[in-house]
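# Summary of the model geometry
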Amino acid sequence: MSDLQTQSLTIRTPEGIVFPLLLASPITRFLALFIDTAAVQVVVSTLGLLTPLLLPLGVDFTFAMFTIASFVINIAYAMVLEWAWRGQTIGKRVLGMRVMDENGFHLTPYQIIIRNLLRFADMLPLYYMLGGIFCLVSPKSQRLGDIAANTVVIRMPKFKEPDLDQIMEDKFNSLAEYPHIAARLRQRASQETAGVALTALMRRDELNPQARLELFHAIAEHLKEIVSFPQEAVEGLSDEQYVRNSVDILYRS
Amino acid sequence: MIIDLQKFIKEQRPAWTRLEHFLDMLERNPERRFSMDEVRDFHTLYQRASADLARIATFSSERSVRTYLEALVARAYAEIYETRQKGRRFNPIKWFFQTFPRTFRKHVAAFWVALIVTAVGSAFGGFALLLDPAAKEVIMPFSHLAGSPNERVAKEEAAEEDHMQGFKAMFSSQLMVNNISVSFRVLALGLTWGIGTIILLFYNGIILGAVAADYVAAGETQFLLGWLLPHGSVEIPSILLAGQAGLVIAQALIGRNDPHGLKQRLKNIGPDIIHLAGGLAIILVWAGIIESYMSQYHEPVLPYWLKISFGSVQLVLLFFFLFKSGKSAKKTNKESRPSLARVQST
């Protein structure tokens, strides 16, 4: 069974660049389906409220139109939206997901129709049980319709532009006063250490106060084990300031 | 080596923002066409972002910048390398009278298999009912078919009022929806390597055979033909078309005598499945109208000879349409898949 959290599809571009497409887990897909089902129900109910407007044309005709329109909405909902919104329905949009070609391309109309037409098999015997089982066991979290259409559902988390301004810019760095030790720190610190320190700084506001103190204390202690600055350079510096100064040295040549 | 991240981001950020702006524009309006200058600019920005991703992946362990760039490159990649041919304008008349029947003929063997499975099911259902009439309720779990055929015929022929008055359209729409749903299920179950499709076709055949045997044994053959032929002559072939499509999917999954990989095989049959599904859905709309507006009326309202003739002519026309329509335009059809021999010779 596949790992629900870390599944990804790796794409290699002709330029040799490799990037992952994060695959949506069966659980999030089911939530999106739930939202979409609710959306279809809202549309059909609204249609039901508007249907009496056709009554002057006859009760029989009105009910026939409602039956056909409800069916068409159920069948066409996902097809139309996935075409208009490039692989997204309301549910997928809300949860930041998108259907894509297995090779990272956009969907063709054929792929959209096939994956939605074959939904009839995924729905069997009840509540998408067959599709759900295939989603859980297939390496790319694909239901039957996806396999036939060569499509995958990916997660599209919105990443903000990186902002490093909060780290150090224009602030006095007492550790930089000792360039020979700073150079040794750059030389000895591993990429992992630098990465952990930088990430901790960038996400510090997400931490609760106690966790923040403990995390920066642990990182500062680790950095102090790598190189040791004179006492006057570190006097009065909190652990977080020590890490901040160290990161400035590590990431600024 | 760790790159000067702050300097790096400061220098590259304007290009990333511009690329993001392009991508947002495309997502808001997928039909938008860029000018040549914009295309060039977009391509350059994509290449820069790719190069930046390569740099940061190699030299720095800073995760958020890398994740941001990966997402940016992934979005741009789909736009840059989307080289598949855009679909031509859809012509519904040409599609129905040329593409659909041609697709049917291309996979006609699967249609014959679907027909044979249904016929075997019918024979089984007919024999089962004749051998054990008490099994009728099990074989035909429909209340309107449970009674005696003679009583039903007598009742229907004696009816003086229009029993369908006031809900013909509604009944028709329900038939369309039900039949199309059943057909799509038969089609989709091709994904079970055809087993589900064959089971549904066989079961459908059992019911059909049992109903036919029941009415024939009761001496109501004329009523049976007058009742079933007008709509059955198009409805039953439509279910067979669904079975045909399901078996085509199964054939692609099994892949016997096909040198292509599974993905390619499924890709090859995708359009054909859609053509068959679309075609059978249209025929079932017609079948729903006929069943509600014609099949439910019997003598003396509608003479049996008229209904039987109508159904027979319709059946002949349908098969003429499926086997002949669009043949003359075959040579100009660019949609048809090139044969393997043609591919190898080029």
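Bear in mind the structure is a predicted one, so any value in this text is a computation, not a measurement. (Residues numbered from 1 in each chain as written. Chains lettered and ligands numbered in written order. Predicted model: local features only at pLDDT ≥ 70, side-chain atom pairs only at ≥ 80, totals over all residues. Heavy atoms only, no water.)

## Quick look at the overall build of chain A
What counts here: Helix numbering and strand numbering both begin at the N terminus, where a helix is a DSSP run of H or I of at least 4 residues and a strand a DSSP run of E of at least 2. We compute the radius of gyration over the C-alpha atoms and compare it with the globule rule, which gives 2.2 Å times the number of residues raised to the power 0.38. Exposure categories follow from relative accessible area, calculated using a 1.4 Å probe and restricted to protein chains: below 20% of the type maximum is buried, above 50% is exposed, and the middle band is partly exposed. Using a 1.4 Å probe, the Shrake-Rupley method yields the accessible areas, and only the shown protein chains count as cover for residues. A positive count includes Lys and Arg, and a negative count includes Asp and Glu. His and the chain ends are not counted in either. Positions of charges follow a simple convention, taking NZ of Lys, CZ of Arg, CG of Asp or CD of Glu.
Along chain A, the regular secondary structure elements total 12 helices and 4 strands. Whereas a compact globule of 253 residues would reach a radius of gyration of roughly 18 Å, chain A reaches 27 Å, over 25% beyond that. With the principal axes as the frame, chain A shows a C-alpha extent of 90 × 40 × 30 Å. The burial tally for chain A puts 46% of its 253 residues in the buried class. For chain A, the accessible area works out to roughly 13,000 Å², and carbon and sulfur atoms hold 64% of it. Once the 23 positive and 26 negative side-chain charges of chain A are each reduced to a mean point, those two points are 5 Å apart.

## Comments concerning the side chain of Asn150(A)
Definition in use: What makes two residues a contact is simply this: any of their non-hydrogen atoms within 4.5 Å.
Position of Asn150(A) relative to the elements: it lies in the loop between α7 (144–149) and β4 (151–155). Setting aside its immediate chain neighbours within four residues, Asn150(A) contacts Met100(A), Asp101(A), Glu102(A), Gln111(A), Lys263(B) and Lys267(B).

## Topic: the packing of aromatic side chains
Rule in force here: In summary, the pairing rule links any two rings of Phe, Tyr or Trp, Trp by its six-membered ring, whose centres are within 6.5 Å, and it sorts them by plane angle into stacked for under 30 degrees, edge-to-face for over 60 and tilted for everything else. A ring is scored as having a charge over it whenever the NZ atom of a lysine or the CZ atom of an arginine sits within 6 Å of its centre and within 35 degrees of its normal.
Following the criterion strictly, the structure yields 27 aromatic pairs over all chains and no others. With a centroid separation of 6.2 Å and an interplanar angle of 50°, the aromatic rings of Phe34(B) and Phe42(B) are classed as tilted. With a relative accessible area of 18%, Phe34(B) lands in the buried category. For Phe42(B), a relative accessible area of 6% puts it in the buried group. On the basis of an interplanar angle of 50° and a centroid distance of 6.1 Å, the ring pair of Trp95(B) and Phe96(B) is categorised as tilted. Judged by relative accessible area, Trp95(B) falls into the buried class, the value being 11%. Through a chain of ring-to-ring contacts, the aromatic side chains of Phe90(B), Trp95(B), Phe96(B), Phe97(B), Phe100(B) and Phe321(B) assemble into a single cluster. Sitting over the face of the ring of Tyr242(A), Lys224(A) holds its NZ or CZ atom 4.9 Å from the ring centroid.

## A closer look at the interface of chain A and chain B
Selection rule: Accessible-area loss on putting two parts together, using a 1.4 Å probe and summing over both, is the definition of buried area adopted here. For salt bridges, the criterion is a side-chain nitrogen of Lys or Arg within 4 Å of an Asp or Glu carboxyl oxygen.
Contact with chain A, which involves 66 residues of that partner, is made by 67 residues of chain B. Buried surface at the junction of chain A and chain B, summed over both partners, amounts to about 5,700 Å²; 65% is from carbon and sulfur atoms. For the pair chain A and chain B, the number of links is 2 salt bridges. Taking the shortest distance from any N to any O, the salt bridge between Lys263(B) and Glu102(A) comes out at 2.5 Å.

## Some words on the packing of helix α10 (residues 195–217) of chain B against helix α11 (residues 221–254) of chain B
Residue and element names in this part refer to chain B. Heads up, the rule is: Between N-to-C directions, angles span 0 to 180 degrees; the directions come from axes that are lines fitted to C-alpha atoms, helices contributing only their stretch in contact. Oblique is the label for any angle not covered by the other classes, which are roughly parallel (under 35 degrees), roughly antiparallel (over 145) and roughly perpendicular (65 to 115). Polar here means any residue outside two lists: the nonpolar Ala, Val, Leu, Ile, Met, Phe, Trp, Tyr, Cys and Pro, and the charged Asp, Glu, Lys and Arg; Gly therefore counts as polar.
α11 packs onto α10 with a crossing angle of 170° between their chain directions and a minimal axis gap of 11 Å. When the axis of α10 is compared with that of α11, the two are roughly antiparallel. Note on element contacts: α11 touches α10 through Thr-221, Phe-223, Leu-224, Trp-227, Leu-228, Ile-236, Ile-239, Leu-240, Gly-243, Gly-246 and Leu-247, opposite Thr-197, Ile-198, Leu-201, Asn-204, Leu-208, Val-211, Ala-212, Tyr-215 and Val-216. Tallied by class, the residues present in the contact of α10 with α11 amount to 15 nonpolar, 5 polar and no charged.

## Quick word on the nonpolar core
For soluble globular proteins, nonpolar side chains are generally found buried alongside one another. Cut-off, in case you're wondering: We define a nonpolar core as any set of buried Ala, Val, Leu, Ile, Met, Phe, Trp, Tyr and Cys residues linked to one another through side-chain atoms lying within 4.5 Å.
By size, the foremost hydrophobic cluster in this structure holds 64 residues, and its most contacted members are Phe229(A) and Val243(A). Excluding its chain neighbours within four sequence positions, the residues that come into contact with Val243(A) are Ala197(A), Leu201(A), Phe216(A), Ile219(A), Ala220(A) and Leu223(A). Judged by nonpolar contacts, the second largest core, of 50 residues, contains Ile180(B), Leu241(B), Ile269(B) and Ile283(B).

## Digging into the environment of Leu45(B)
Mapped onto the fold, Leu45(B) is located in helix α2 (residues 36–59). A residue is classified by how much of its surface remains accessible, and Leu45(B), at 6% relative accessible area, is buried.

## A short note on the confidence of the model for chain B
All names here are of chain B. Rules: A residue's pLDDT is the confidence the predictor assigns to it, expressed on a 0 to 100 scale.
Confidence in the prediction for chain B averages 86 pLDDT; 90% of positions are at 70 or higher. Predicted confidence in chain B is weakest over helix α14 (residues 340–345), with a mean pLDDT of 38, and strongest over helix α5 (residues 108–131), with 96. Considering only residues more than four positions removed or in separate chains, one finds that residues 332–346, a stretch of pLDDT under 50, has 8 contacts.

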